[in-house]
Amino acid sequence: MMSAYQRLTTSFTPARVPVGPFRPWPRWKLYRPVLLPVLFAAAMLLAWQVLTVRLAVSPMLLVPPSEIWAVLVQAWPILLVQTWPTLVNSMVGFLLASILGIAIGGALVVSRRVEQAFWPHILIFQLIPKVAVAPLFIIWLGMGPASRLCFAVFLSFFPIAVSAATGFRSADPTALRLCRSLTASPWQTFVRVRVPYAIPHIFAGLKVGVTVAIIGVVIGEFVTAQEGLGYIIMFASSAAQTALVFAAIALLCGIGLLLYGAVALAELFVRRWYGAPISVGGFV
């Protein structure tokens with residue numbers, strides 16, 4: 001018979017890791033954030049392809065992914081040329097909106113008078129329906145790229161400004177009092193304390209702003225442009241070329257993923273440049 005000590009130690013023996021074919025894949029958690037979205041997208045495309053073919057959906061309503069790919073390959077030279085102005089205008093509009101939004105967010109936090117004077121007007125401008133304002137940009141700036149850029153900035157600067165202001169306000173009050181006790185200047189306090197706390201919030205606003213900037217450029221191309229993917233979508237829809245519309249939309253998704261990935265890489269670089277993960281809950 002087993003003694004009490006033997007029964008006690010046996011009950012607390014850790015379970016062995018399965019070996020052989022049932023051994024868990026150690027890198028699954030590492031690749032899961034990439035594999036799961038890819039597998040889900042592949043499943044959705046497969047279901048899209050099968051359903052459109054089996055149900056004999058009209059090509060004017062919905063085309064299978066295989067036909068979209070064929071049109072994308074066939075019209076690739078033209079689509080590539082039309083992608084460039086949309087990409088450039090989106091990047092420039094996003095950069096201008098980022099500079100303007102971060103500057104406004106910092107000014108709202110640094111000066112109470114600036115916040116009282118400008119915040120109500122910024123909120124009113126945000127509440128205005130954006131599509132209703134688009135014709136005004138055409139009247140003011142003409143049919144060129146300037147109207148599209150300004151419309152993209154008008155759409156995307158608000159989430160960046162709000163996120164930046166929220167981040168600058170999230171600085172630890174204890175750290176701010178410490179800076180005042182050490183006779184640090186307002187600029188030193190802003191750069192050394194408020195900016196590190198604001199970085200996660202700023203990049204959250206930038207990730208939203210970069211997608212909204214693309215929307216602003218495409219809306220401008222719907223109205224004014226004779227080039228760009230928005231113009232291709234309008235032209236193809238008027239000609240009932242549904243596959244070409246989907247091909248242009250796929251390229252727009254690619255532009256959005258490219259710019260979003262650039263913002264995410266910039267965030268990773270900034271975090272590493274500060275030397276440690278930036279926390280919004282404590283002074284680091």
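See the structure printed just above.
The structure reproduced in this document is the subject of the present report. Predicted model only: the values in this text are computed from it and were never measured. (Residues numbered from 1 in each chain as written. Predicted model: local features only at pLDDT ≥ 70, side-chain atom pairs only at ≥ 80, totals over all residues. Heavy atoms only, no water.)

## Things to note about the packing of helix α4 (residues 76-110) against helix α9 (residues 186-223)
Close contact between α4 and α9 brings their axes to 8 Å; oriented N to C, the two are set at 140°. Classified by chirality, the crossing of α9 by α4 is right-handed. Across the interface between the two elements, Pro85, Thr86, Asn89, Ser90, Phe94, Ser98, Ile102, Gly106, Val109 and Val110 from α4 touch Phe190, Arg194, Ile202, Leu206, Gly209, Val210, Ala213, Ile214, Val217 and Glu221 from α9. Taken together, the residues that form the contact of α4 with α9 break down as 12 nonpolar, 6 polar and 2 charged. (Axes fitted to C-alpha atoms, helices over the stretch in contact; angles between N-to-C directions. Helix = DSSP H or I, 4+ residues; strand = E, 2+ residues; numbered from the N terminus. Left-handed = near helix turned anticlockwise from the far one by under 90°. Contact = heavy atoms within 4.5 Å. Nonpolar A, V, L, I, M, F, W, Y, C, P; charged D, E, K, R; others polar.)

## Comments concerning the layout of surface pockets
Size it by volume and the largest pocket reaches roughly 390 Å³. As for the largest pocket, its lining consists of 13 residues, and the residues nearest its centre are Leu45, Trp48, Ile68, Ala250 and Cys253. Looking at the lining of the largest pocket, the elements with two or more residues in it are α2 (28-54), α3 (65-74) and α11 (242-273). The residue inventory of the lining of the largest pocket, partitioned by class, reads 13 nonpolar, no polar and no charged. Taken as a whole, the second largest pocket encloses approximately 180 Å³ of empty space. Every element with two or more residues in the lining of the second largest pocket is listed here: α4, α8 (173-181) and α9. With 4 residues, α9 is the largest single contributor of residues to the lining of the second largest pocket. Per-class residue counts for the lining of the second largest pocket are 6 nonpolar, 2 polar and 2 charged. (1 Å grid on protein atoms, 1.4 Å probe; cavity = no way out; pocket = protein on both sides within 12 Å on 5 of 7 lines; lining within 4 Å. Points joined across faces, edges and corners; volume = space filled by probe spheres on them.)

## Some thoughts on empty space enclosed by the protein
Considering all chains together, one arrives at 1 cavity of 30 Å³ or more under this definition. A volume near 50 Å³ is recorded for the largest cavity. What lines the largest cavity is simply Ala134, Phe137, Ile138, Ser147, Phe151, Gly220, Val223 and Thr224. Put simply, the parts of the chain that give the lining of the largest cavity at least two residues each are α6 (130-141), α7 (145-169) and α9.

## Observations regarding the environment of valine 92
Structurally, valine 92 is set in helix α4. Each C-alpha atom of the pair valine 92 and alanine 213 lies 9.2 Å from the other, and the pair is 121 residues apart in sequence.

## Here's the deal with the packing of aromatic side chains
Across all of its chains, the model carries 8 aromatic pairs by this definition. Consider the rings of phenylalanine 137 and phenylalanine 154, whose centres lie 5.7 Å apart with planes at 55°: the pair is tilted. Note that phenylalanine 137 is positioned in helix α6 and phenylalanine 154 in helix α7, a separation of 17 residues in sequence. Its relative accessible area of 9% is what places phenylalanine 137 among the buried residues. (Phe/Tyr/Trp six-rings, centres within 6.5 Å; stacked < 30°, edge-to-face > 60°. Buried < 20%, exposed > 50% of the residue type's maximum accessible area, 1.4 Å probe, protein only.)

## A word on the pattern of salt bridges
Enumeration over the complete set of coordinates arrives at 4 salt bridges. Glutamate 115 serves as the salt-bridge partner of arginine 112, at 3.0 Å between the closest nitrogen and oxygen. Of this pair, arginine 112 and glutamate 115 both sit in helix α5 (residues 112-127), separated by 3 residues, roughly a single helical turn. Its relative accessible area of 56% is what places arginine 112 among the exposed residues. Judged by its relative accessible area of 17%, glutamate 115 falls in the buried class. Across the pair arginine 169 and glutamate 115 runs a salt bridge whose closest N-O atoms are separated by 2.8 Å. On the criterion of sequence distance, the pair formed by arginine 169 in helix α7 and glutamate 115 in helix α5 is long-range, its members being 54 residues apart. When its relative accessible area of 42% is taken as the criterion, arginine 169 is described as partly exposed. Via salt bridges that share partners, Arg112, Glu115 and Arg169 belong to a single interconnected network. (Salt bridge = Lys/Arg side-chain N within 4 Å of Asp/Glu carboxyl O.)

## Re the environment of aspartate 172
Along the chain, the position of aspartate 172 falls in the loop between α7 and α8. Overall, aspartate 172 belongs to the partly exposed group, its relative accessible area being 26%. Residues aspartate 172 and tyrosine 197 lie 25 residues apart in sequence; the distance between their C-alpha atoms is 8.2 Å.

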